[in-house]
Every structure is written in C-alpha cells, then in structure tokens.
Amino acid sequence: MKKILVILLLLLLVIGTLAGWTELKRAKVLLPHSLVGMKKVSSHLYVEKSMTEENQKKIENSTPKAKEYVADMYGEVTTEPIIYACQSEECKNAFGLEGKFVAVRLLGHLILTNKALNKELISHEWSHEELYERIGGFWHWYREMPLWFDEGLASLTMKEYSRYDEVAWKRIMDEKIPYPKKEELISLSQWGKVNHTYLNNDEIVVPYATARKIVSKWYTKVGQKGLIELLDGIKNGEKFEELYEKGQ
C-alpha cells in the first residue's frame, strides 16, 4: 500500500508540474478516497462525507438518466466514469473547482459540485469522457480535437439546458449579444479567455451556446453514424478538419 501511495504522489507531482496546480488538486481523485474526505457509496460513486442523504440520492437517480443521454448521442456508452461529488465550498475548492467551475472530467473521473448533481451536467461531463476514450486518449485529443467541438457535443448531449440551448441561442440572436467566432474556441487557453470576454452568468453562457449551435447544425446533417465515423477516424490517425468537412 505504501509503495502504491508513493507512486501516486509522484504521479501527482508530475501532473502538477506539467499541467498546473489546479489540475494537481483535481488529480487527488487518484488518491484513496478516505485521504481526501470522501465516502464510498459504490465502486463508481464517492461523495463528500458531509453530503446529505437527499443530495446523494439525487446523484444516484440522475446518473442512469445521464447515461441515457450519452447513449442517445453516441449509440452506446463505452465508458463508466467514477463520480466524486462535493457538497461544500471547501470540498469544491479542494478539488480545484474554484470560481464558476461546476464540474470537470479528469482521468476517468467526473468531479461535481453541488450545482452539478443533475442528469444534464453529469451527461455533459460524461460526454467528454466518452469522446476522449473513443478517439484514443490524450494525444489524439490534444492534437486533433478543437474545444468548440468537444464542448459543443457535450452541450448537445445535455438535451435541454437553458443556459446553453436553442432558447439561449435565440436570445443571443434577438438581443444581438456578441458571440465568439469558431476560431476563438479552439484551445484551452482561448476557451478560458472567451468565458471571461463574452456573457457568462446564471442565465446564459455564450461560448457554450455558440459551440452547441455549431455542432448541432453539423450533427443534424451527419447524425450518430457521422459522429462515430469522425471519432473512429481520429483514433485511426485521420485529421479532424478533413473528417468534419465531409459532413458539411
């Protein structure tokens, strides 16, 4: 056990050095749950020790429905991420979800705050996990996957979610709210910037609504079959742009 802990601590140090200390906080999901203040509910669900029974039940009821949303998008679900769920601000911050972050996907885990204990946001993060695994992991994701597609697909997977959906897009159009170009939504650094530049509040998140609209138009044309062909193509070494353009 001590040897495993030493290996995990070294891995966390590498992650912190390469990806930053926020990612290091999130990577604590790799440590034994008892060391990071979590309680085991099942092999795929860990909750903050102080979580209420009501909130725990909410996650347990929402997760199967979120899986259905992911299956509707991808045809079948090939992943089963482990959920770490927080109730308090202290837990949220301890796992690197400061500020407006409500949920993240990392290393086969979904880390949720108390604002993400629902089928919509669980399905959003689960979509990230499904896409990541289907294209072959980090190298293919880093080299080929633009954030607007990854986030747009995850936002589409949620079905109806008022901050990102067609209602939000209609409001952007009707009120002439500025929105980013696709070219502004490619990298992680760009994504961080646009979420501070464009409207992002409790009613609407313009970058996500924009990415969802772009992917929705493409998915309407190609459907599930076209999506799977694109993901398989990336895994096999093909270029995202070429695969995406086939469906235009």
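Up top is the structure.
Notes on the structure follow. (Residues numbered from 1 in each chain as written. Predicted model: local features only at pLDDT ≥ 70, side-chain atom pairs only at ≥ 80, totals over all residues. Heavy atoms only, no water.)

1. Remarks on the environment of F95
We count it as follows: For the purposes of this entry, the term helix denotes a DSSP run of H or I that reaches at least four residues, the term strand denotes a run of E that reaches at least two, and both are numbered from the N terminus. Throughout, a contact is declared for two residues whenever any of their heavy atoms are within 4.5 Å.
Among the structural elements, F95 can be located in the loop between α4 (89–94) and β4 (103–106). For the pair F95 and H196, spaced 101 residues apart in sequence, the C-alpha to C-alpha distance is 22 Å. With near-sequence residues (within four places) excluded, F95 lies in contact with K25, R26, K28, V29, V36, M38, Y84, C86 and I111.

2. Notes on the state of the cysteines
To be explicit about the condition: Disulfides are defined in this document as cysteine sulfur pairs within 2.5 Å. Burial classes: relative accessible area under 20% of the type maximum marks a residue as buried, over 50% as exposed, and values in between as partly exposed (1.4 Å probe, protein chains only).
With the rule as written, the count across this model stands at 1 disulfide. Covalently, C86 is tied to C91 through a disulfide, its sulfur atoms 2.0 Å apart. Judged by the sign of its S-S torsion, about -60°, the cystine formed by C86 and C91 is left-handed. One exposure class covers both C86 and C91, and it is buried.

3. Considerations on the packing of aromatic side chains
Put simply, the test is: In this analysis, rings of Phe, Tyr and Trp, with Trp reduced to its six-membered ring, are considered paired at centre separations within 6.5 Å, and the interplanar angle assigns stacked below 30 degrees, edge-to-face beyond 60, and tilted for intermediate values.
Applying the stated rule across the entire model yields 16 aromatic pairs. Seen in terms of ring centroids, F149 and Y244 are 6.2 Å apart; in terms of plane orientation they differ by 85°. Their pairing is edge-to-face. Of this pair, F149 sits in helix α7 (residues 147–157) while Y244 sits in helix α11 (residues 240–246), and the two are 95 residues apart along the sequence. Like F149, the residue Y244 is buried in the burial classification. An angle of 20° between the planes, with centres 5.5 Å apart, marks the rings of F240 and Y244 as stacked. Of this pair, F240 and Y244 both sit in helix α11, 4 residues apart, which is roughly one turn of the helix. An identical accessibility class is assigned to F240 and Y244; each is buried. Three or more aromatic residues joined by ring pairs form one cluster here, namely W148, F149, W218, F240 and Y244.

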